[in-house]
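For reference, the chains in residue letters:
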2 protein chains.
Amino acid sequence: MTYTIVYDILKTYNIYMNRVVNLKISTKGRYALRLMVDLAQRKPGENVALKEVAARQEISLKYLEQIITVLTKAGYVLSTRGSNGGYRLAHEPDYYTVGMILRLTEGSLAPVACLEGDENTCDRREQCATLFVWEKLQKAIDDVVDNITLADIIANSADNYVI
Amino acid sequence: MTYTIVYDILKTYNIYMNRVVNLKISTKGRYALRLMVDLAQRKPGENVALKEVAARQEISLKYLEQIITVLTKAGYVLSTRGSNGGYRLAHEPDYYTVGMILRLTEGSLAPVACLEGDENTCDRREQCATLFVWEKLQKAIDDVVDNITLADIIANSADNYVI
DNA sequence: TGTTTTCCTACAAGTTAAATAGGTTATTGT
DNA sequence: ACAATAACCTATTTAACTTGTAGGAAAACA
């Protein structure tokens, strides 16, 4: 309430807090990746309660539940109900690329909509001078996320290994 | 109004139109780039009325006015008022990289906030296993946008050159 | 003096991210 | 049997932002 008033005053003077959101990976994708890394760091086949992950990663349990639903439905993680239940990876850590996880949770990693399906193509496509810029950008993004696996992340962070 | 009702019904059933916005360049950045390319394609020193650019690019004049204000204040374009007035590039087309234009209009091209300034760093940084993924991603993005100039775009689109 | 064009400020609607909330179902240990 | 645990399901909320629209003022030229 107080915040709203302050925000409105700032807006009146065109002073925004300017938290830039463009070209950003959302919390959904970032949390999904941290969640998967967390699972990958446990013993293979061990059930991990989401509550523990939430505590370790300092992410709201309820929010994590929503995120892991997508991963479960995609067959990326397996779930067991009841006490001693929890989640575990369906495959080895080197099976999962960052791209797989981000695309599933973010929806798409194309920097512009016209590169998404075949149906978002605009009628200016033929004369679009900037299209090749976006194509190059998309390729660069794909090259990164499709060539890093959960195993790579764990290996890389071996120094800072927690627990 | 009709749309709102339909939207609410869809929302009730958790059916969203799911226009994914993540990792997207906004219209502001895209239009700014098209605007600059358009200016770069004119004769050097020639004043181009924004009205013409708006017509050619099929973008709202009023919206373009807001966008070019930023480019003008940054010294990227020069303006002349009155009839026969308009805008022109302050430098040669090979002076401007895509990165310069996008960073100015989008604000930042970092895929996560913690890579932005020095002040957005979170307290989990030391133990963040995924940080190096974002760093690689940012480097890949920068490598693309900082190595394409307006001159490159024009040269590349020479085939589809319009007018 | 009228027209053209930049320049300035305000505002609004739709949409989304980022959770919060509360409950139901399945499984296991006691 | 039953209590505890943990996954699963559905709805709701709120601030914030994108993507414009709108109306006019100031400057320059014919």
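Going by the structure above, here's the rest.
First things first, this report covers the structure right here in the doc.

So, how was this worked out
Residues numbered from 1 in each chain as written. Chains lettered and ligands numbered in written order. Predicted model: local features only at pLDDT ≥ 70, side-chain atom pairs only at ≥ 80, totals over all residues. Heavy atoms only, no water. Helix = DSSP H or I, 4+ residues; strand = E, 2+ residues; numbered from the N terminus. Buried < 20%, exposed > 50% of the residue type's maximum accessible area, 1.4 Å probe, protein only. Contact = heavy atoms within 4.5 Å. Areas by Shrake-Rupley, 256 points an atom, 1.4 Å probe, with all protein chains shown as cover. Expected span 1.5 Å × (residues − 1). Pairing = 2+ DSSP bridges. Salt bridge = Lys/Arg side-chain N within 4 Å of Asp/Glu carboxyl O. Axes fitted to C-alpha atoms, helices over the stretch in contact; angles between N-to-C directions. Left-handed = near helix turned anticlockwise from the far one by under 90°. Buried area = accessible area lost by both parts, 1.4 Å probe. Polar contact = N/O pair within 3.5 Å; in protein donor to acceptor, adjacent residues only side chain to side chain. Nonpolar A, V, L, I, M, F, W, Y, C, P; charged D, E, K, R; others polar. Least-squares fit on C-alpha atoms with pLDDT ≥ 70 in both. Lys, Arg positive; Asp, Glu negative; His and termini not counted.

On to the overall build of chain A. Counting its regular elements, chain A contains seven helices and two strands. Going from the N terminus to the C terminus, chain A shows its helices and strands as α-α-α-α-β-β-α-α-α. For chain A, the residues scored as buried account for 42% of the 163 residues in total. Counting only contacts in chain A whose residues sit at least 6 apart along the sequence, the fraction spanning at least 24 positions is 61%. If you sum the accessible surface of chain A, you get close to 9,300 Å²; carbon and sulfur atoms cover 51% of it.

Among the structural elements, N22 of chain B can be located in the loop between α1 (2-12) and α2 (27-40). A sequence separation of 67 residues divides N22 of chain B from L89 of chain B, and the C-alpha atoms of the two residues are 32 Å apart.

Glancing now at helix α4 (residues 61-73) of chain B. Residues and elements named next belong to chain B. The end-to-end C-alpha separation of α4 is 18 Å, in line with the 18 Å expected for 13 residues at 1.5 Å each. Burial in α4 covers these residues: L64, I67, I68 and L71. Among the structural elements, α2, α3 (50-57), β1 (77-80), β2 (86-89) and α5 (98-106) are those in contact with the buried residues of α4. Following α4 by one or two positions, G75 adopts a phi angle in the positive range, close to 80 degrees.

So, about the pairing of β2 of chain B. All names here are of chain B. Across four bridges, the pairing between β1 and β2 is antiparallel. If you follow V77 over to β2, its bridge partner there is L89. The turn linking β1 back onto β2 is made up of five residues, and G82 within it adopts a positive phi angle of 80 degrees.

Side chains that differ in sign of charge can pair as their charged atoms come close. In the structure shown here, the tally under the stated rule is 16 salt bridges over all chains. In this structure, E65 of chain A and K62 of chain A form a salt bridge, with 3.8 Å as the shortest nitrogen-oxygen distance. Taken as a pair, E65 of chain A and K62 of chain A lie in helix α4 (residues 61-73) at a separation of three residues, close to a single helical turn. Relative accessible area serves as the criterion here: at 33%, E65 of chain A is assigned to the partly exposed category. In this structure, D142 of chain B engages R103 of chain B in a salt bridge whose closest nitrogen and oxygen atoms are separated by 3.0 Å. With D142 of chain B in helix α6 (residues 131-145) and R103 of chain B in helix α5, this pair connects stretches of sequence that are 39 residues apart. For R103 of chain B, a relative accessible area of 30% gives the class partly exposed. Linked by salt bridges that have partners in common, D38, R42 and R56 of chain A make up one network.

All names here are of chain B. Packing of α3 against α4 brings their axes to within 9 Å, and their N-to-C directions diverge by 115 degrees. Every pair of crossing elements has a handedness; the one defined by α3 and α4 is right-handed. Touching L50, K51, V53 and A54 of α3 are L61, L64, E65 and I68, all from α4.

This paragraph deals with the interface of chain A and chain B. Counting residues at the interface gives 45 residues for chain A, matched by 45 residues for chain B. With both chains or domains summed, chain A and chain B bury close to 3,900 Å², and 68% of this area falls on carbon and sulfur atoms. When the area that chain A buries against chain B is broken down by residue, the three leading residues are L23, K24 and R124 of chain A, summing to 18%. Linking chain A with chain B are four salt bridges, by the criterion used here. Residue E116 of chain A pairs with K24 of chain B through a salt bridge whose shortest N-O separation is 2.9 Å. The interface formed by chain A and chain B contains 14 residue pairs in polar contact (both at pLDDT 80 or more). Breaking the side of chain A that touches chain B down by element, the ones donating at least two residues are α2 (27-40), α3 (50-57), α5 (98-106), α6 (131-145) and α7 (150-156) of chain A. Here the side of chain A that touches chain B gets nine residues from one element, more than from any other, and that element is α6 of chain A. Looking at side-chain class alone, the side of chain A that touches chain B contains 24 nonpolar, ten polar and eleven charged residues.

It is worth spelling out the relation of the copies chain A and chain B at this point. You can overlay chain A on chain B at an RMSD of 0.1 Å; the transform is a turn of 180 degrees with a shift of 0.0 Å along its axis. The relationship between the two copies is best expressed as a two-fold rotation axis. No C-alpha of chain A approaches the rotation axis more nearly than that of L23 of chain A, which lies at 1.9 Å.

Another aspect to go through is the side chain of E106 of chain B. Its location among the elements puts E106 of chain B in helix α5. Buried charge E106 of chain B goes without a salt bridge, the closest partner of opposite sign being R30 of chain B at 7.0 Å.

On their own, these measurements won't tell you what the molecule is for.
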